[in-house]
Structures are given as structure tokens and as C-alpha cells.
Amino acid sequence: MANFRRFRPDDLNKLSKCNLDPFTETYDLGFYLQYYAKWPSLFQVAEDQHGNIIGYIMGKLESSPDVYRFSEHYLPWHAHITAVTVAPEARRLGIGKLLTEQLEVAADANGAWFVDLFVRVSNHKAIAFYKSMGYSVFRVVKDYYGEHSTDPTLSSEDAYDMRKPMKRDVKRQHVRDDGEKHEVDPSVVW
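Conventions and cut-offs
Residues numbered from 1 in each chain as written. Predicted model: local features only at pLDDT ≥ 70, side-chain atom pairs only at ≥ 80, totals over all residues. Heavy atoms only, no water. Helix = DSSP H or I, 4+ residues; strand = E, 2+ residues; numbered from the N terminus. Rg over C-alpha atoms; globule rule 2.2 N^0.38 Å. Buried < 20%, exposed > 50% of the residue type's maximum accessible area, 1.4 Å probe, protein only. Contact = heavy atoms within 4.5 Å. Lys, Arg positive; Asp, Glu negative; His and termini not counted. Charge placed at Lys NZ, Arg CZ, Asp CG, Glu CD. Salt bridge = Lys/Arg side-chain N within 4 Å of Asp/Glu carboxyl O. Pairing = 2+ DSSP bridges. Axes fitted to C-alpha atoms, helices over the stretch in contact; angles between N-to-C directions. Polar contact = N/O pair within 3.5 Å; in protein donor to acceptor, adjacent residues only side chain to side chain. Core = buried A, V, L, I, M, F, W, Y, C linked by side-chain atoms within 4.5 Å.

Going by what an unreviewed UniProt entry lists, the chain is known as Acyl-CoA N-acyltransferase and is assigned to Corynascus novoguineensis.

What follows is the structure, given as C-alpha cells:
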């Protein structure tokens, strides 16, 4: 059984089991602490009965800068999943789903239009997971990742920008059904 709670700074030394997956982005310590300081309610961990971190989610609430308000790429107030990962031995137990649902509840409580995330196009398991939770591809961000996770001969990898509408988006204005057909350059992604 997992215990879910907010991240604490002393958890930094316990994340490595979760970050061993080649699809999981690993950040410098300051990045994790920035999320802890700015969005503590959106940085949750799951721990096992021995206190080991077996999963976590990092998220934030944001919108594009006002200067881009009239750009076709402007993002209104939304929640963003920066990272969600579960240790290999704890997968398929519903931990990732519960962490994601907790973030979605916080997104709705804060009036977000949608929740979005970026996922490597080669990460088929994660894509299937997100689709099962109601996320859809909004657009393809070309060469988003600076390295390819499975093919060392490739210098970059595309990302899917996936979204799930929240309660505020009654008309589903911020999702689309044909997102795979909409390609953008990483320079227009904020």
C-alpha cells in the first residue's frame, strides 16, 4: 500500500529509483526545489511502507506571458505536468493514475482550463496511459527533446503535447481530435 503526501526537500535523496527509466527526465536539484517552493500542492510523492519514494508528480499552474495573448500559440491558465514517474517495481498498481488525478483535482480547484504535458512520441506506454485517462494529442512539437531515448544515432525526438480539458472548458476549446496533424516548432512552446 502506498502513502501519498506532499514532497519535502529531504525526499530529493530518495527519487533515484523513480528516475532510472530512460523516458524519465532528471533535473538538477534547484529545479525540484523551485517546484517545491512555487507549487507545493502540485508536487506529490508516493512512498511505500518503508518510506521509499516509489512515485512522484511535479506540476505547476501557469499561462503564457500576456505579450503572446493574441498568438495562436497562447496558453490560457492551465496546469502542466512537468514529470510523473513510478519506480519499476511499483508500476501497474494505479500509483501514476492516483498522482495524476490528484493534480487534476488541484487544477480544477484553481480554475484551470486544461492539464497538459509533453511526452516522447516513442513512449508508447505513457501515451496509452494518458489516453486511458482522457488526454489527447493537441500538437506535435518537432525536435522537442535534445536527445533520442531509444536510438543513439538520432539527435532529437518529437514530443506530443497532450491535454485533458478541465471542468472550466465546457466547450472543449483547448483540445482537439486531430492533434497528430498539427506540428509546431519548439520555439513557439512556452
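Next comes the rest of the write-up.
A. Geometry of the overall build of the chain. When its secondary structure is counted, the chain shows three helices and eight strands. Seen in sequence order, the chain has helices and strands lined up from the N terminus as β-α-β-β-β-α-β-α-β-β-β. Relative to a compact globule of 190 residues, whose C-alpha radius of gyration would be 16 Å, the chain shows 16 Å and is just as compact. With the principal axes as the frame, the chain shows a C-alpha extent of 50 × 45 × 30 Å. For the chain, with 190 residues in total, the buried portion stands at 48%. If you take every contact in the chain between residues at least 6 apart in sequence, the share linking residues at least 24 apart comes to 67%. Of note, the chain has its 24 positive side-chain charges centred 6 Å away from the centre of its 27 negative side-chain charges.

B. A look at the pattern of salt bridges. Tallied over the full model, the rule gives 11 salt bridges. Between K97 and E101 there is a salt bridge, and its shortest N-O distance comes to 3.9 Å. Residue K97 and its partner E101 are both found in helix α2 (residues 95-109); the two are separated by four residues, about one turn of the helix. Classification of E101 as partly exposed rests on a relative accessible area of 30%. Between D158 and K142 there is a salt bridge; the shortest N-O distance is 2.6 Å.

C. Geometry of the sheet that holds strand β7 (residues 157-165). Spatially, the eight strands line up as an open sheet ordered β1-β2-β3-β4-β5-β7-β6-β8, and their pairing is mixed. Strands at the two margins of the open sheet, each flanked by one partner only, are β1 (3-6) and β8 (183-184). Bridge analysis of strand β2 (residues 43-47) against strand β3 (residues 53-62) gives five bridges, and the strand direction is antiparallel. Among the inter-strand pairings, F43 is bridged to a residue of β3, identified as M58. Helix-sheet contacts for helix α1 (residues 29-38) involve β2, β3 and β4 (78-86), and the interaxial angle to β3 is about 65°. Running over the sheet, α2 touches β1, β2, β3, β4, β5 (114-120) and β7 and is turned about 165° from β4.

D. Spatial organisation of the environment of E47. Summarising the element assignment, E47 is placed in strand β2. Between the C-alpha atoms of E47 and S63, which are 16 residues apart in sequence, the distance is 31 Å. Non-local contacts of E47, meaning those with residues more than four positions away in its chain, are made with M1, A2, N3, R5, N52, I53 and I54. Polar contacts involving the side chain of E47 include one to the side chain of R5, which spans 3.1 Å.

E. Quick look at the nonpolar core. Core analysis: the largest hydrophobic core is formed by 42 residues, its most contacted members being Y56, V115, Y135 and M162. Broken down by element, the residue count for this core peaks at six residues, all from β3. Other than its neighbours up to four places away in sequence, V115 contacts A79, I81, L103, E104, A107, Y135, M162, R163, K164 and M166. Among the nonpolar cores identified, the runner-up in size contains six residues, and F118, A159, V184 and V189 belong to it.

F. Quick peek at unusual backbone geometry. Not every positive phi belongs to a glycine, and R92 is a case in point at roughly 70°. Relative to the assigned elements, R92 resides in the loop between β4 and α2. The phi torsion at R172 lies on the positive side, around 55°, for a residue other than glycine.

G. Quick look at the side chain of Q44. Here Q44 lies in strand β2. Q44 gets classed as buried once you look at its relative accessible area, which sits at 13%. At a separation of 3.1 Å, a polar atom in the side chain of Q44 contacts the main-chain carbonyl oxygen of S41. Once residues within four sequence positions are removed from consideration, Q44 is found in contact with R5, R6, F7, G55, Y56, I57, L99 and Q102.

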